[in-house]
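Residue-level structural notes
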Amino acid sequence: MSTQSAPNSPLLRVTDLGVAYGRVRAVQSVSLEVGAGEFVAVIGSNGAGKSSTMKAISGVLAPVAGRIEFNGAEVTGLPSHRLVRAGLAMVPEGRQVFAEQTVEDNLRLGAFVFAATPSRIDEAVERGFTLFPRLAERRAQAAGSLSGGEQQMLAIARGLASSPKLLVIDELSLGLAPRVLEMLFPVLESLNRDGLAILLVEQLATQALAVSHRAYVMETGKVTLSGRSADLARDPAVRQAYLGRA
Ligand SMILES: Nc1ncnc2c1ncn2[C@@H]1O[C@H](COP(=O)(O)OP(=O)(O)OP(=O)(O)O)[C@@H](O)[C@H]1O
Ligand SMILES: [Mg+2]
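All values reported here derive from a predicted model rather than from experimental measurement.

1. Some remarks on the sheet that holds strand β6 (residues 88-91)
The strand order across the open sheet built from six strands is β6-β7-β8-β3-β9-β10, with neighbouring strands paired in mixed fashion. The open sheet has two edge strands with one neighbour each: β6 and β10 (222-228). Ignoring strand direction, the axes of neighbouring strands in this sheet form an average angle of 15°. Two elements, strand β7 (residues 166-170) and strand β8 (residues 197-201), share five bridges in a ladder whose sense is parallel. By the bridge assignment, D170 is partnered in β8 with V201. On the sheet, helix α6 (residues 148-160) packs against β6 and β7 and is oriented at approximately 170° with respect to β6. Sheet strands in contact with helix α7 (residues 178-193) are β3 (39-44), β7 and β8, and its direction is about 150° off that of β8.

Set out below in structure tokens:
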């Protein structure tokens, strides 16, 4: 299962991925790549198969077809805790923080899979609080009592607590106020500048194309367009479908 690929292969390489729910095929032969330190966006309409693709990449769902390679090894079908250990962390759609647990315990759980010692776990927790001081003030509060924006910060910090090479984020903006996003997008850009690779699924196509280097457009289970984000933002078909015509 751990076939080594070419030395200069991308950090993540997804080839001909298929995902199905029973007999319903949600993802058809999707191929995509994320290079080390790259910021890649996935945009597309509702039901296009974006979340299904991300779930397969992060080991939440086993794909029915295709191959996933991460950091030079094949990881197709590995469960998420193995992928987290390999350096691939996921911020799922809808955040899914552990509502009954405190903010701090959510971060500890994020760090636990990765960090070998209690002091490494403490360090990871404190890194989260440095990144999002709002969370530090609320460390003893139940995560379920946080605002939507704070829960998204916590989900990101929890993902980062495992010290990933790649952070997969499914719908950063879902249900969040523009004011919160004005703060979160720059945080992602800054993490990326510090070397973190990011794969971002995002409904807000304008913002997604503005922060990312490259992007993929998904429609009905397939990648229909891909390229440099700046080029896609100027593409008439993309503009009409996702960016409005103005
Ligand atoms: N648990 C499930 N059981 C059955 N079908 C599902 C399940 N989850 C998703 N699907 C179907 O798979 C297809 C792709 O869904 P998916 O959630 O991957 O799309 P998406 O691009 O993330 O959409 P959105 O933008 O609304 O989040 C849809 O037709 C959806 O109805
Ligand atoms: Mg989705």
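2. Some points on the packing of helix α3 (residues 103-112) against α6
Between α3 and α6, whose axes approach to 7 Å, the crossing angle comes to 30°. For the element pair α3 / α6, the angle class is roughly parallel. The two elements α3 and α6 meet at a crossing, and its hand is right-handed. On α6, the residues that touch V103, N106, L107 and G110 of α3 are L154, A157 and R158. Residues that form the contact of α3 with α6 fall into these classes: four nonpolar, two polar and one charged.

3. With respect to the pairing of strand β1 (residues 12-21)
Inspection of the sheet shows β1 paired to strand β2 (residues 24-34) by seven bridges, in the antiparallel sense. Bridged to A20 within β2 is R25. Hairpin remark: β1 followed by β2, antiparallel, with two residues in the connecting loop; positive phi at G22, about 60°. Judged from the five bridges that link them, β1 and strand β4 (residues 65-70) form a sheet pairing that is antiparallel. Directly across from R13, in β4, lies its bridge partner E69.

4. Details of helix α1 (residues 50-57)
In terms of burial, α1 is largely enclosed, as seven of its eight residues are buried. Among the residues of α1, those classed as buried are K50, S51, S52, T53, M54, A56 and I57.

5. Here's the deal with the environment of D170
Structurally, the position occupied by D170 is in strand β7. Counting along the chain gives 33 residues from D170 to Q203, while the straight-line C-alpha distance between them is 9.4 Å. Leaving out residues up to four positions away in the same chain, D170 has contacts with S51, V91, P92, E93 and V201. Only 2.6 Å separates the side chain of D170 from the side chain of S51, close enough to count as a polar contact.

The rules behind the values
- Residues numbered from 1 in each chain as written.
- Chains lettered and ligands numbered in written order.
- Predicted model: local features only at pLDDT ≥ 70, side-chain atom pairs only at ≥ 80, totals over all residues.
- Heavy atoms only, no water.
- Pairing = 2+ DSSP bridges.
- Helix = DSSP H or I, 4+ residues; strand = E, 2+ residues; numbered from the N terminus.
- Axes fitted to C-alpha atoms, helices over the stretch in contact; angles between N-to-C directions.
- Contact = heavy atoms within 4.5 Å.
- Parallel < 35°, antiparallel > 145°, perpendicular 65-115°, else oblique.
- Left-handed = near helix turned anticlockwise from the far one by under 90°.
- Nonpolar A, V, L, I, M, F, W, Y, C, P; charged D, E, K, R; others polar.
- Buried < 20%, exposed > 50% of the residue type's maximum accessible area, 1.4 Å probe, protein only.
- Polar contact = N/O pair within 3.5 Å; in protein donor to acceptor, adjacent residues only side chain to side chain.

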